[in-house]
Amino acid sequence: MSKGANSTTPVLMNEPEVLKLLLAGDPAAVRSLVDQYQPMVLRTARGFVRNTEDARDIAQEVFIDILTNLHRFKGQASLSTWIYRITVNRSLNYLRNSKRRQSRLFYSEDQNEGRRSEAVNISDPDQKNPAELLEQQERSETLHTAILSLPGKQQVAFNLVEYDDLSYKEIAEIMHLTISSVESLLFRARKNLQKKLWVCYKASTSRENGTKPKS
Amino acid sequence: MNCKNCRTDLVGFIRGTLPKGLEVQIREHLNGCEECRSFADYLRTTLNVIHQEKVIPADPFLATRIEGILSKSGAASRRLSFLPKLIPALTFSIFILAGIAGGIGLGHALMQANENQNIASQQMSFLVDDLKQEPIESFLMGL
Ligand SMILES: [Zn+2]
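**Quick word on the interface of chain A and chain B**
Tallying the contact residues gives 41 residues for chain A and 33 residues for chain B. Overall, the association of chain A and chain B removes approximately 3600 Å² of surface from exposure, summing both partners, and the carbon and sulfur fraction of that is 63%. A salt bridge links R31 of chain A to E67 of chain B; the shortest N-O distance between them is 3.2 Å. Here chain A and chain B share 19 residue pairs in polar contact (both at pLDDT 80 or more) between them. Here the side of chain A that touches chain B takes eleven residues from helix α11 (residues 179-211) of chain A, the largest share from any one element. A per-class count over the side of chain A that touches chain B returns 19 nonpolar, eleven polar and eleven charged.

Here it is in structure tokens:
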């Protein structure tokens, strides 16, 4: 199961080969693992955080986790399923810790601005004009605020289907749930997301109406 | 279909996950309702952010950084790895030293006790001798 990994990543080795090299302590194995799974880990982490830099921090933690806990990998699930689980757990931990850091983050607003604009630039190589960039940044903030307000399991299922294009079966395997539970989680996640975004939509339209000069 | 019901399933409609019948009903409602259509456009544009965000260029230095971190932590654990082996030897040495120190201390204490005993006995004999030399009767008689 590595639809997400295989869809955009050039596959250098198959999972058993990577595992064999890792377990044998082959120095080239670390590079193969990172090259092969970095896009997948970054994509998954990005769904949980507001900027690319945070996703990169999580990716580093994920690979260190993988390499230091390799002896715990039982091979009952595929390597990519195991990596997805570690990435989701690391991302949720990161969110919990960043909530604790939130007061500190408010003080470094300038730094955050730098990170956000960098994130927009990276994901937007077409170099949009400042107004378009600002609009995209606002939409990203709105979307992530809505996603982060979802209950934990809904958030995980939504991110795995949206950011990783995983099937319900794959998500069920990662989350240790039945396919019907995943369906139900996603159904509720979409409804909840719609409710949150409706509030944002109403706020933005009333703001636009309020700022428009009366003719 | 009313506006509230339409809005409830709009994310599913945009993502194409709804049953065919419901999808047709929503499409028909959107054709005739400007506000729901405007909200659907807002949702579509907002959800499109995901497509842009999930394209993240890989960090070419990540593997090197991870190798560095792991080798540092490996070196640190190797630096401390002699400690478990050293603990039994250290414990044994401490017991031996404690035994020697205890023996010396005990010897000193015994010698000290002997000396004290000698002084005490000398003092006692002195007193006895004094009594011998100056009997009470003669002392009283002298008054
Ligand atoms: Zn309507």
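**Quick notes on the coordination of the zinc ion**
All names here are of chain B. Protein coordination at the zinc ion comes from C3 (SG), H29 (NE2), C33 (SG) and C36 (SG), with a distance range of 2.1 to 2.3 Å. In this structure, the zinc ion is surrounded by four donor atoms whose angles at the metal cover 104 to 117°, and the resulting shape is tetrahedral. Summarised as a motif, the one-chain spacing of the donors to the zinc ion is C-x25-H-x3-C-x2-C. Given the relative accessible area of 12%, C33 is considered buried.

**Quick look at a nonpolar patch on the surface**
All names here are of chain B. Together, I96, L97, I100 and I104 give the surface a local cluster of nonpolar side chains, amounting to about 400 Å² of exposed area. Considering the arrangement of structural elements, one finds I100 in helix α6 (residues 82-133). We classify I100 as partly exposed; its relative accessible area is 48%.

**Some thoughts on the nonpolar core**
One finds L33, F63, I66, L79, F158 and L160 of chain A together with L10 of chain B to be the most contacted residues of the largest nonpolar core, which totals 77 residues. The element best represented in this core is helix α3 (residues 27-46) of chain A, accounting for nine residues. Other than its neighbours up to four places away in sequence, L33 of chain A contacts V18, L22, Q38, F63, I66, L67, L79 and I83 of chain A.

**With respect to the domain arrangement of chain A**
Residues and elements named next belong to chain A. Domain assignment breaks chain A into domain 1 (6-100) and domain 2 (129-209). On a C-alpha basis, the centres of domain 1 and domain 2 stand 23 Å from each other. On the side of domain 2, 16 residues touch domain 1, which itself brings 15 residues to the contact. Between domain 1 and domain 2 the total buried area reaches about 1400 Å² when both faces are included, carbon and sulfur atoms providing 56% of it. Together, R50, Y84 and R85 form the three largest contributors to the area buried by domain 1 at its contact with domain 2, with a combined 41%. Our count for the contact surface shared by domain 1 and domain 2 stands at two salt bridges. Linking D164 and R43 is a salt bridge whose minimum nitrogen-to-oxygen distance equals 3.6 Å. The interface formed by domain 1 and domain 2 contains ten residue pairs in polar contact (both at pLDDT 80 or more). If one sorts the elements of the side of domain 1 that touches domain 2 by residue count, helix α5 (residues 79-100) sits on top with six residues.

Scoring rules and cut-offs
Residues numbered from 1 in each chain as written. Chains lettered and ligands numbered in written order. Predicted model: local features only at pLDDT ≥ 70, side-chain atom pairs only at ≥ 80, totals over all residues. Heavy atoms only, no water. Contact = heavy atoms within 4.5 Å. Buried area = accessible area lost by both parts, 1.4 Å probe. Salt bridge = Lys/Arg side-chain N within 4 Å of Asp/Glu carboxyl O. Polar contact = N/O pair within 3.5 Å; in protein donor to acceptor, adjacent residues only side chain to side chain. Helix = DSSP H or I, 4+ residues; strand = E, 2+ residues; numbered from the N terminus. Nonpolar A, V, L, I, M, F, W, Y, C, P; charged D, E, K, R; others polar. Donors = N, O, S within 2.8 Å, 3.2 Å for Na, K, Ca; no water. Tetrahedral: all angles 85-135°; square planar, octahedral: opposite > 155°, others 65-115°. Buried < 20%, exposed > 50% of the residue type's maximum accessible area, 1.4 Å probe, protein only. Patch = residues over 30% accessible without salt bridge, like charges linked within 9 Å, V, L, I, M, F, W, Y side chains within 5 Å. Areas by Shrake-Rupley, 256 points an atom, 1.4 Å probe, with all protein chains shown as cover. Core = buried A, V, L, I, M, F, W, Y, C linked by side-chain atoms within 4.5 Å. Domains from an automatic or database assignment.

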